[in-house]
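Close look at the chain arrangement
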Amino acid sequence: MKSFLITAAVFFGICFIYILTMLSVTENNFTYIVDDAYIHMAVAKNFALHGVWGMTKYAFSSSSSSPVFTFILSFLIAVFGNHILIPLIFNLSVACLLIAILTKYFSGYLSEAKHIIAACLFALFLAVMHVQVVAGMEHVLQVLIIAVNIYCFQKWFEKDFKSNFFSLGFYGTILFLGLIRFESMFYFLSLAFVFLLIRKFKDAFLVLLIGFLPILLFGYFNQQHSGYFFPNSVVVKGALIDFSGNVPGQIGKIILWNVFLNITFYKIGVFPLLIIAVLLYRDYKSKLVFQEMLKKNFLPVVLALTLILHCLLGDVKIIFRYEAYLMVAFVMVLVPRLTVFITNPFYAFRKDKATGIFIAANALLLLYKFGFAHFIITSGSANIYEQQIQSARFLKKYYNTSHIVANDIGAICYYTDIHLLDVIGLGSKEMVDIKVRKTVFDDEVEEFLAGYTKENHYQLAIVYEKWFDGHIPESWKKIADLEVSGKSIVLGDRHVVIYSIDPLSSDALKKNIKDFNWNRNVTVKIVE
């Protein structure tokens with residue numbers, strides 16, 4: 001309890017300080033640091049209030065990358081009302097449970113409170129969990145479920161994989177992980193592969209069955225409504241490999257750019273992999289047979305494979321959100337093997353300099369991440385407030401139920417009841433087929449946008465001009481350029497441009513932009 005209370009006090013104290021800092025740059029309006037959080041909220045709002053799983057209340061759109069998280073938000077909105085703080089409060093509650101699990105887990109390997117607290121805080125801040133909390137996304141829930149999964153696995157492992165309560169907990173968490181984040185498929189494949197290597201064929205089969213069954217069921221449902229198995233956010237990224245071309249060359253390019261030339265890989269994964277390599281090498285030198293060596297290092301090997309698959313086939317971002325579950329998982333599986341580095345670090349370092357150097361490197365990365373997180377939280381919140389929230393306020397006042405073209409769709413859909421055409425395809429199935437075939441905007445896309453928006457009576461577009469690669473439809477009239485202050489850290493561009501699509505409403509649009517009370521940090525340039 002002492003370890004839990006002190007860890008919680010430190011972590012939530014830091015979260016509280018950052019929440020106050022965020023409010024100070026957003027005119028006391030709490031604003032999430034990424035627009036994606038508002039995508040979840042928009043879908044959750046429409047499902048709770050209108051029974052429509054979509055960015056708008058008018059049509060289905062598979063825009064959520066985490067069906068379980070969005071459904072939970074929808075349930076909370078239905079029960080407590082449509083409040084913007086719901087994701088924040090939910091994440092704070094989940095983080096509290098995560099701290100409880102980590103405290104319970106580490107207390108099984110460390111006896112003194114100060115050592116348990118150190119292990120917990122190291123895990124939390126290596127994954128920059130305070131950033132994940134204020135981002136308002138599903139990653140805090142993902143980390144909690146993976147932590148429970150590892151805790152249950154370790155207890156199950158101690159009973160030599162005999163069926164018990166903890167085996168049920170292990171498989172129960174597997175059931176939910178896939179629909180919390182689709183990257184969990186990498187974890188399932190890695191688990192099954194290592195189970196096969198140690199001849200646990202039944203468990204390998206169960207992991208694949210229980211892990212992939214919910215994904216298959218969701219995919220079937222999604223395909224009936226959208227024509228695609230995965231959500232739009234996954235589909236529009238396109239296939240990594242084009243089988244009509246030089247497949248070996250493409251695979252080599254993926255390995256080169258996604259791992260060896262990917263600076264984020266070195267920030268998140270190289271040192272845990274090196275520690276695991278040292279542990280495996282020492283067990284190999286101690287003459288352990290292959291299966292015993294794998295069994296002893298089961299989860300470290302699983303996580304190493306998961307990280308490699310994640311970097312090759314998944315995505316990594318500057319705010320380290322997609323890798324948060326891996327960072328906490330690595331700390332959980334390595335601490336039991338390296339307790340001496342916590343209880344007696346100087347002695348341990350003298351005895352094992354290689355491992356000590358890699359641990360020290362992870363500690364330096366933790367400090368780097370903490371500093372970078374400070375910049376992301378303060379600048380990101382201001383960025384979103386000055387661009388997405390101001391755009392949403394403008395549309396809410398003048399065009400609340402109008403037909404709007406956009407490319408950043410979260411806040412404007414959550415705060416309004418617009419009819420949306422999302423040119424990126426996340427919120428509009430009309431664009432998904434095009435984005436699957438096209439990696440850039442070209443004449444075909446320009447022609448489609450011009451014809452579709454005219455035929456369906458769209459009034460205006462609020463978009464990043466540079467994303468169109470010079471293919472803005474000629475029939476659209478540029479009305480204004482909105483520029484946010486400071487450095488853009490989470491925005492696609494500091495400039496968002498408003499176009500009039502309906503020629504008859506151009507003058508009214510220009511007047512509305514002039515009359516609107518924009519935030520003082522937004523520079524509005526009217527095109528005369």
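These numbers come from a predicted model, not from an experiment.

Turning next to the pattern of salt bridges. Inspection of the entire model under this criterion finds 14 salt bridges. Close ionic contact of Glu 112 with Lys 114 constitutes a salt bridge, the shortest N to O distance being 3.9 Å. Taking relative accessible area as the criterion, Glu 112 reaches 39% and is therefore assigned partly exposed. Accessibility expressed as a relative area gives 55% for Lys 114, which makes it exposed. Put simply, Arg 181 and Glu 183 hold a salt bridge, and the shortest N to O gap is 2.7 Å. Overlapping salt bridges bring together Glu 138, Arg 181 and Glu 183 as one network.

Right, let's get into the packing of helix 1 (residues 2–24) against helix 5 (residues 113–126). Put simply, helix 1 and helix 5 touch, their axes get as near as 9 Å, and they point 35 degrees apart. Helix 5 is crossed by helix 1, and the crossing has right-handed handedness. On helix 5, the residues touching Lys 2, Ser 3, Ile 6, Thr 7, Val 10, Phe 11 and Ile 14 of helix 1 are Ala 113, Ile 116, Ile 117, Cys 120, Leu 121, Leu 124 and Phe 125. Split into classes, the residues belonging to the contact of helix 1 with helix 5 amount to 11 nonpolar, 2 polar and 1 charged.

Note on soluble globular proteins: their nonpolar side chains tend to be buried together. Grouped together as the largest cluster of nonpolar side chains are 163 residues, with contacts concentrated most on Phe 106, Phe 170, Tyr 187 and Phe 195. Per-element accounting of this core gives the leading share, 12 residues, to helix 7 (residues 139–158). Look past the residues within four positions of Phe 195 in its chain and what remains in contact with it is Phe 153, Trp 156, Phe 161, Phe 170, Lys 200, Asp 203, Ala 204, Val 207 and Phe 298. If you look at the next biggest cluster of nonpolar residues, it comprises 19 residues, including Leu 421, Val 423, Ala 461 and Trp 476.

Relative to the assigned elements, Leu 460 resides in strand 3 (residues 460–463). It is 8.3 Å that separates the C-alpha atoms of Leu 460 and Trp 476, two residues lying 16 residues apart in sequence. Contact partners of Leu 460, with chain neighbours within four places excluded, come to Leu 395, Tyr 399, His 403, Ile 404, Val 405, Ile 498, Tyr 499, Ile 501 and Leu 509.

Right, let's get into the packing of aromatic side chains. Scanning the entire structure with this criterion turns up 52 aromatic pairs. For the pair Phe 394 and Phe 516, a centre-to-centre distance of 5.6 Å together with 80 degrees between the ring planes defines the contact as edge-to-face. One end of the pair, Phe 394, is in helix 20 (residues 353–398); the other, Phe 516, is in the loop between helix 24 (506–515) and strand 6 (522–526), with 122 residues separating them in the sequence. One exposure class covers both Phe 394 and Phe 516, and it is buried. Ring geometry for Tyr 398 versus Phe 516: centroids 6.3 Å apart, planes at 70 degrees, classification edge-to-face. With Tyr 398 in helix 20 and Phe 516 in the loop between helix 24 and strand 6, this residue pair connects regions lying 118 residues apart in the sequence.

This paragraph deals with helix 5. Compared with the 20 Å implied by 1.5 Å per residue over 14 residues, the 20 Å span of helix 5 between its first and last C-alpha is a close match. Helix 5 sits mainly inside the fold: 10 of its 14 residues count as buried. Taken together, the buried positions of helix 5 are occupied by His 115, Ile 116, Ile 117, Ala 119, Cys 120, Leu 121, Ala 123, Leu 124, Phe 125 and Leu 126. On its buried face, helix 5 is in contact with helix 1, helix 4 (86–106), helix 6 (129–135), helix 17 (324–334), helix 18 (340–343) and helix 20. Just downstream of helix 5 lies Val 128, where phi reads positive at about 40 degrees.

This part takes up unusual backbone geometry. Phi is positive for Glu 27, which is not a glycine, with a value near 55 degrees. If you trace the backbone, Glu 27 turns up in the loop between helix 1 and helix 2 (36–50). Judged by relative accessible area, which is 41%, Glu 27 ranks as partly exposed. For His 457, which is not glycine, the phi torsion reads 60 degrees and is therefore positive. Along the polypeptide, His 457 turns up in the loop between helix 23 (443–455) and strand 3. Residue classification places His 457 among the exposed positions, given a relative accessible area of 62%.

Inspection of the secondary structure puts Asn 362 in helix 20. The class of Asn 362 is buried, set by a relative accessible area of 7%. Residues in contact with Asn 362, not counting those within four places in the same chain, are Phe 122, Leu 126, Phe 271, Pro 272 and Ile 275.

Taking every second residue as pointing to the same face, both faces of strand 3 are buried, with Leu 460 and Ile 462 on one and Ala 461 and Val 463 on the other. Bridge count between strand 1 (residues 403–406) and strand 3: 3 bridges; the pairing is parallel. Of the residues in strand 3, the one forming a bridge with Ala 406 is Ile 462. Pairing of strand 3 with strand 5 (residues 495–500) involves 4 bridges; the strand directions are antiparallel. Counterpart to Ile 462 in the pairing with strand 5 is Ile 498.

This next bit is on a nonpolar patch on the surface. A grouping of Ile 251, Ile 255, Leu 256, Trp 257, Phe 260, Leu 261, Ile 263 and Tyr 266 is seen on the molecular surface, where their side chains present a nonpolar patch of about 760 Å² in accessible area. At 5 residues, the largest contribution of residues to the nonpolar patch is made by helix 12 (residues 247–260). Within the secondary structure layout, Trp 257 lies in helix 12.

Another aspect to go through is the environment of Glu 386. Tracing the backbone through its elements, the reader meets Glu 386 in helix 20. For Glu 386, a relative accessible area of 6% puts it in the buried group. The spatial distance from the C-alpha of Glu 386 to the C-alpha of Thr 7 is 34 Å, given a sequence separation of 379 residues. A polar contact of 3.3 Å, which involves the side chain of Glu 386, links it to the side chain of Asn 521.

Calculation notes
- Residues numbered from 1 in each chain as written.
- Predicted model: local features only at pLDDT ≥ 70, side-chain atom pairs only at ≥ 80, totals over all residues.
- Heavy atoms only, no water.
- Salt bridge = Lys/Arg side-chain N within 4 Å of Asp/Glu carboxyl O.
- Buried < 20%, exposed > 50% of the residue type's maximum accessible area, 1.4 Å probe, protein only.
- Axes fitted to C-alpha atoms, helices over the stretch in contact; angles between N-to-C directions.
- Helix = DSSP H or I, 4+ residues; strand = E, 2+ residues; numbered from the N terminus.
- Left-handed = near helix turned anticlockwise from the far one by under 90°.
- Contact = heavy atoms within 4.5 Å.
- Nonpolar A, V, L, I, M, F, W, Y, C, P; charged D, E, K, R; others polar.
- Core = buried A, V, L, I, M, F, W, Y, C linked by side-chain atoms within 4.5 Å.
- Phe/Tyr/Trp six-rings, centres within 6.5 Å; stacked < 30°, edge-to-face > 60°.
- Expected span 1.5 Å × (residues − 1).
- Pairing = 2+ DSSP bridges.
- Patch = residues over 30% accessible without salt bridge, like charges linked within 9 Å, V, L, I, M, F, W, Y side chains within 5 Å.
- Areas by Shrake-Rupley, 256 points an atom, 1.4 Å probe, with all protein chains shown as cover.
- Polar contact = N/O pair within 3.5 Å; in protein donor to acceptor, adjacent residues only side chain to side chain.

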